[in-house]
Amino acid sequence: MAVTLGALTAAVTLTVAVPASAYAAEGVLIVNGNEHKDPSGCYAIDWYPSSVTNHTDAIAEVHSGPGCTGQVEWLVYPGETYYTETAQSVFIL
C-alpha cells in the first residue's frame, strides 16, 4: 500500500509540475527595451510611445488595459515588433 501511495504521489507531482514549465514561451520578449527571457504571463507597458518585440516561439497579445485586461489591441507574432501609444500591457504564454 505504501509503495502504491508513493507512486501515486509522484505521478500527481509530475502532472502538476510539468504543465507549468511546458507553457512558457522560449526566447526573449522585449518591452520598451526590457528583455524578458522565456517569458510567461503579463508585462506592463509603462511609457509611450512603446514597442513590443517578440523573439519567442509564441504569440504576444498587446492589451488596451492594465494587467492584461481590456481589448486585444494587436497580436505580435514571433519575429515582429509592434509600436503603440495606447496599450498598457502584454500577455504571452
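Here is a short report on the structure shown in this document. (Residues numbered from 1 in each chain as written. Predicted model: local features only at pLDDT ≥ 70, side-chain atom pairs only at ≥ 80, totals over all residues. Heavy atoms only, no water.)

**Details of the sheet that holds strand 7 (residues 81-84)**
Convention followed: Being paired, for any two strands, means DSSP has found at least two bridges between them. A helix here means a DSSP run of H or I that spans at least four residues, while a strand means a run of E at least two residues long, and both kinds are numbered starting from the N terminus. As a rule, the C-alpha atoms of each element are fitted with a line to give its axis, helices using only the stretch in contact, and angles between N-to-C directions run from 0 to 180 degrees.
The antiparallel open sheet is built from four strands, whose spatial order is 2-1-4-7. Edge positions in the sheet fall to strand 2 (34-37) and strand 7, since each of these pairs with one other strand and no more. Direction aside, neighbouring strands of the sheet carry axes that sit 15° apart on average. The pairing of strand 1 (residues 27-31) with strand 4 (residues 50-56) spans five bridges and is classified as antiparallel. Its bridge partner being in strand 4, Leu29 is matched across the sheet by Asn54.

**With respect to unusual backbone geometry**
With an omega of -10°, the peptide bond between Tyr48 and Pro49 qualifies as cis. Within the secondary structure, Pro49 is located in the loop between strand 3 (41-44) and strand 4. With phi around 45°, Asp38 is a residue other than glycine that occupies positive phi space. Here Asp38 is to be found in the loop between strand 2 and strand 3.

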